[in-house]
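One letter stands for each residue in the lines below.
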Amino acid sequence: MTGAEPGGRWGRWAAHPAGPALLFAFAVLEGCLFPAPTEALYAALALGRPRRAWTLAALAAAGSVVGGVIAWRMGAANFDRVGRPLLARHGLLSRVDAVSELYRRNAAVALMTSGYTPVPYLLYGVVGGASGIPLGTFVLFSAIGRGLKYAVLAGIARVAGPPLRRLLAGHPARIAAAVLAVATAAFSIWLL
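Residues numbered from 1 in each chain as written. Predicted model: local features only at pLDDT ≥ 70, side-chain atom pairs only at ≥ 80, totals over all residues. Heavy atoms only, no water.

### Some words on the packing of aromatic side chains
1) Next: On inspection of all chains with the given rule, the structure shows four aromatic pairs.
2) Next: Each ring, one from Y42 and one from Y150, has its centre 5.6 Å from the other, and the planes form 70 degrees; the classification is edge-to-face. Placement of Y42 in helix α3 (residues 38–48) and of Y150 in helix α7 (residues 135–168) is noted, with a sequence separation of 108 residues between them.
3) Next: Residue classification places Y42 among the buried residues on the basis of a relative accessible area of 2%.
4) Next: Of the residues examined, Y150 reaches a relative accessible area of 0% and is grouped as buried.
5) Next: An angle of 20 degrees between the planes, with centres 6.1 Å apart, marks the rings of Y121 and F138 as stacked. Taken together, the residues span a long stretch of sequence, with Y121 in helix α6 (residues 121–130) and F138 in helix α7 at a distance of 17 residues.
6) Next: Taking the ring centre of Y121 as reference, the NZ or CZ of R146 above it sits at 3.8 Å. (Phe/Tyr/Trp six-rings, centres within 6.5 Å; stacked < 30°, edge-to-face > 60°. Helix = DSSP H or I, 4+ residues; strand = E, 2+ residues; numbered from the N terminus. Buried < 20%, exposed > 50% of the residue type's maximum accessible area, 1.4 Å probe, protein only. Lys NZ or Arg CZ within 6 Å of the ring centre and 35° of its normal.)

In structure tokens, the structure reads:
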């Protein structure tokens, strides 16, 4: 078995009952606790089971919004005691004014495009609460933006998933190189 078949290593891992729950939990934590690329876990699960790509995308988007709401609450309820130290821990305090300005210009656009910027979503959540962005506005436009982000990834997984699985099957060095390239790119973008 090469790993590309449904019963191969990709399929077994992606079919694990905890996979979707782990993805949801990781997306929540990314939205409210630490900036990390949930997309990497999503990609691994979606490549393992491309037919589940849309369901996994919905779970990742929902988890991200839930995490964003928790971050929004931290910013709204106690920015100085909770939000500020959290952002400082991740080196994000220097970006607070920039995100506040995005919200002043157009909160809807800022939230819908947040998944396509190098600014962590955690920062959007905390600053959204601290800036007084209404929770309904935050949830609606976060859901649209996060949903679109993962919809694009789901489309790619459905179309490119099977060929990528065949390309990577049985080649752990290729998989390691691909993961390293994605992690390096994500970290480089985050530093910008």
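### Remarks on the environment of G147
1) Next: The topology assignment puts G147 in helix α7.
2) Next: Linking G147 and V65, residues 82 residues apart in sequence, is a C-alpha distance of 9.3 Å.
3) Next: Residue contacts for G147: discarding those within four places in its chain leaves A61 and S142. (Contact = heavy atoms within 4.5 Å.)

### Considering the packing of helix α2 (residues 18–32) against helix α4 (residues 53–89)
1) Next: Contact geometry of α2 with α4 gives a least axis separation of 5 Å together with a crossing angle of 30 degrees. When the interaxial angle is binned, α2 and α4 end up roughly parallel. At the point where α2 passes α4, the crossing takes the right-handed sense.
2) Next: Of the residues in the contact of α2 with α4, the class split is 15 nonpolar, five polar and no charged. (Axes fitted to C-alpha atoms, helices over the stretch in contact; angles between N-to-C directions. Parallel < 35°, antiparallel > 145°, perpendicular 65-115°, else oblique. Left-handed = near helix turned anticlockwise from the far one by under 90°. Nonpolar A, V, L, I, M, F, W, Y, C, P; charged D, E, K, R; others polar.)

### So, helix α5 (residues 96–112)
1) Next: Taking 1.5 Å per residue as the helical rise, α5 with its 17 residues ought to reach 24 Å, whereas the 18 Å between its terminal C-alpha atoms falls clearly short.
2) Next: Every buried residue of α5 is listed here: V96, V99, S100, Y103, A107, A108, A110 and L111. (Expected span 1.5 Å × (residues − 1).)

### Digging into the environment of P85
1) Next: Relative to the assigned elements, P85 resides in helix α4.
2) Next: Judged by relative accessible area, P85 falls into the partly exposed class, the value being 37%.
3) Next: Leaving out residues up to four positions away in the same chain, P85 has contacts with F79 and D80.

### A short note on the UniProt feature "transmembrane region" (unreviewed entry) in the protein
1) Next: Mapped onto this structure's residue numbering, the UniProt feature "transmembrane region" (unreviewed entry) falls at residues 20–42, 54–75, 121–141 and 173–191.
2) Next: Annotated as 78% helix and 0% strand, the span residues 20–42 places its first and last C-alpha atoms 9 Å apart.
3) Next: Secondary structure within residues 54–75 divides into 100% helix and 0% strand; the distance between the first and last C-alpha atoms comes to 31 Å. (UniProt positions renumbered as here; feature names shortened; annotations may be inferred.)

### Focus on the nonpolar core
1) Next: Counting 26 residues, the largest nonpolar core has L87, V99, Y103, L122, L123, Y124 and F138 as the members making the most contacts within it.
2) Next: Only α2, α4, α5, α6 and α7 provide two or more residues apiece to this core.
3) Next: The element best represented in this core is α5, accounting for seven residues.
4) Next: Residue contacts for L122: discarding those within four places in its chain leaves E30, G31, C32, L33, F34, P35, A71, L86, L87, H90 and L92. (Core = buried A, V, L, I, M, F, W, Y, C linked by side-chain atoms within 4.5 Å.)

### Some thoughts on the packing of α3 against α4
1) Next: In contact at an axis separation of 9 Å, α3 and α4 are set at 160 degrees when each is read in the N-to-C sense. Judged on the interaxial angle alone, α4 and α3 are roughly antiparallel. Where α3 crosses over α4, the handedness of that crossing is right-handed. The segment α3 lies against α4, with Y42, L45 and A46 engaging A53, L56 and A57.
2) Next: Of the residues that constitute the contact of α3 with α4, the class distribution is six nonpolar, no polar and no charged.

### Things to note about α6
1) Next: Among the 10 residues that make up α6, nine are buried, leaving the element largely enclosed by the rest of the structure.
2) Next: All buried positions along α6 are accounted for by Y121, L122, L123, Y124, G125, V126, V127, G128 and G129.
3) Next: Backbone geometry just after α6 places G132 at a positive phi near 80 degrees.

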